[in-house]
Amino acid sequence: MRAVVVYRGGPPEVLGLEDVQTPAPSPDQARVRLRAAGLNHRDLWNRRGYTGPGPLILGSDGAGVVEAVGAEVHQGWAGREVLINPSLYWGAREDAPGPGYQILGNPMNGTYAEAVVVPIANLTPKPAHLDFVAAAALPLAGLTAWRALFTQGALRSGQTVLLPGIGSGVAGWALMFAKEAGARVIVTSGSEEKLARARGQGADDAVNYGDPDWELQVRQRAGEAGIDLVLDHTGEKTLPAALRLVRMGGRIVFLGATTGQQLILNLRTAFFKQVHLIGTTMGSPREFDEMVAFVDSHRIRPDVHHVFPLGEAVEAHRLMEAGRQYGKIVLSIAE
Ligand SMILES: NC(=O)c1ccc[n+]([C@@H]2O[C@H](COP(=O)([O-])OP(=O)(O)OC[C@H]3O[C@@H](n4cnc5c(N)ncnc54)[C@H](OP(=O)(O)O)[C@@H]3O)[C@@H](O)[C@H]2O)c1
């Protein structure tokens, strides 16, 4: 099969399309013939920092058709259209994953390939209203946004949530989920075009974080009740502002460090405001099922910014690195 392989970390050009051996599923696994693979920022971290040993196929998100199962008992999956839950071996607890936890695409070979082998437990039937490209845009970012908003963030209908950096894949799903759940959503972006697209997707207010007074603008739009929840995926540059902006007793759920991971935190502000600072990563199998059922029943469709053929993974990484996308970037994989 053909796959996009990395041997050693570096710029996008370290990604190479190669012929590799098609993997065989063990008894508790299935092999999925992939039709699309979604990109995530995680793929950039993995590509830049990969140190081996041996070649690695990147990619956490994929959708396709089950073409082989490792044991007869799983034969019911054969031929079914599926998407893959990239949260592997989460474990029994809901509050955090167990010690065996992994995310598909490092160290286990991922989805930038014509086929991937995954545990049977990580297969989910593809929602009928999504084609393979749209389905491949959902798993990692959708799952992360779901747990961040509803489990960790306890968002309720009528509350106000702030989503900084709406161009992000995670933030895009969070916008759609929060609106469908009846929340009021304020977004920020460094791009007027992205702000306009977010308004088109239902954002109630949209503020350019390039404006010197953007915090004041957010505060004014939030009104007297203030911001109940901030979902922060950019880290160093945005979290201090989130702390200033969230209401007394509000929640900040943080999950990423795109702008850096070191923080000088004003503890007085945090404890005086009785703010809940809550870390989150990915989600449990139960949350994945809930999230896909929600997408299915509300007929939610992702914003797919650009689709590249598998052989153009280098260009896809360049686009994501430049941060020009609104929503998801997807690799399509020919039958
Ligand atoms: N913990 C987890 O489970 C988990 C899961 C998924 C992602 N993540 C992390 O979350 C982050 C986002 O992932 P992604 O895949 O959604 O990334 P992405 O699609 O590459 O999103 C990047 C976006 O970050 C925004 N941004 C950059 N600098 C900003 C700033 N100073 N202020 C506000 N926004 C800024 C930009 O938004 P605008 O263009 O709108 O300005 C940009 O489009 C990454 O760090 C990723 O590793 C963590």
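The structure displayed is predicted, hence computed values, not measured ones.

Asker: Outline the site of the ligand, listing residues and values.
Answerer: Taken together, 32 residues form the shell around the ligand, and within it G165, G167, S168, S189 and G256 come nearest. When residues of the shell around the ligand are traced back to their parent elements, those giving at least two are α1 (41–49), α3 (139–152), α4 (169–180) and β12 (184–189). Grouping the amino acids of the shell around the ligand by side-chain chemistry returns ten nonpolar, 19 polar and three charged. In terms of domain composition, the shell around the ligand takes at least three residues from each of domain 1 (2–138 + 302–332) and domain 2 (142–279).

Asker: Lay out helix α10 (residues 313–322) in plain terms, naming residues and giving numbers.
Answerer: Residues A313, A316, H317 and M320 constitute the buried set of α10. What you see down the axis of α10 is that its buried residues fit within an arc of 95°, all on one side. Looking at the buried residues of α10, the elements they touch are β1 (2–6), α1, β17 (304–309) and β18 (328–332). Just past α10, the residue G323 takes up positive phi, approximately 70°.

Asker: Which residues make up the pairing of strand β14 (residues 227–232), and what are the values?
Answerer: With six of six residues buried, β14 is to be regarded as a mostly interior element. Note: β14 against strand β15 (residues 246–254), five bridges, orientation parallel. Bridge pairing links D232 to F254 in β15. Considered for its hand, the β-α-β crossover made up of β14, helix α7 (residues 239–245) and β15 is right-handed.

Asker: Any details on the nonpolar core? Residues and values, ideally.
Answerer: Judged by nonpolar contacts, the single largest core of 96 residues is most densely connected at A174 and L175. With eight residues, α4 is the largest single contributor of residues to this core. Looking at which domains feed residues into this core, each of domain 1 (2–138 + 302–332) and domain 2 (142–279) supplies at least three. Sequence-distant contacts of L175, that is, excluding residues within four places in its chain, are made with L163, I166, V185, V187, A198, Q201, G202 and A203.

Asker: Can you tell me about the sheet that holds strand β4 (residues 56–57), naming the residues and giving the values?
Answerer: Spatially, three strands are ordered β2-β1-β4 in an open sheet, and the strand pairing comes out antiparallel. This sheet does not close on itself; its edge strands, each paired only once, are β2 (16–19) and β4. Pairing analysis gives four bridges linking β1 to β2, with the strands arranged antiparallel. By the bridge assignment, V5 is partnered in β2 with G16.

Basis of the calculations
Counting restarts for each chain: residues are numbered from 1 in the order of the written sequence. Totals for whole chains, interfaces and linings use every residue, but because this is a predicted model, local features are given only for residues with pLDDT of at least 70 and side-chain atom pairs only at 80 or more, for both listing and counting. Here, nearness means that the C-beta atom of a residue, built from backbone geometry, sits within 6 Å of the molecule or strand in question. The numbering of helices and of strands both runs from the N terminus, where a helix is a DSSP run of H or I of at least 4 residues and a strand a run of E of at least 2. Residue classes follow a fixed rule: Ala, Val, Leu, Ile, Met, Phe, Trp, Tyr, Cys and Pro count as nonpolar, while Asp, Glu, Lys and Arg count as charged, and any other residue, Gly among them, counts as polar. Where each domain begins and ends follows an automated or database-derived domain assignment. The exposure scheme places C-beta atoms from the backbone and then counts, for each residue, the other C-beta atoms within 10 Å of its own, assigning buried at 20 or more, exposed at 12 or fewer, and partly exposed in between. By construction, the arc corresponds to the directions joining the helix axis to the C-beta atoms. By definition, residue pairs are in contact when their C-beta atoms, positioned from the backbone, come within 7 Å. Should DSSP find at least two bridges between two strands, the strands are regarded as paired. Seen with its strands pointing away from the viewer, a crossover is right-handed if its path from the first strand over the helix to the second goes clockwise. In these notes, a nonpolar core means any group of buried Ala, Val, Leu, Ile, Met, Phe, Trp, Tyr and Cys residues linked to one another through C-beta atoms within 7 Å.

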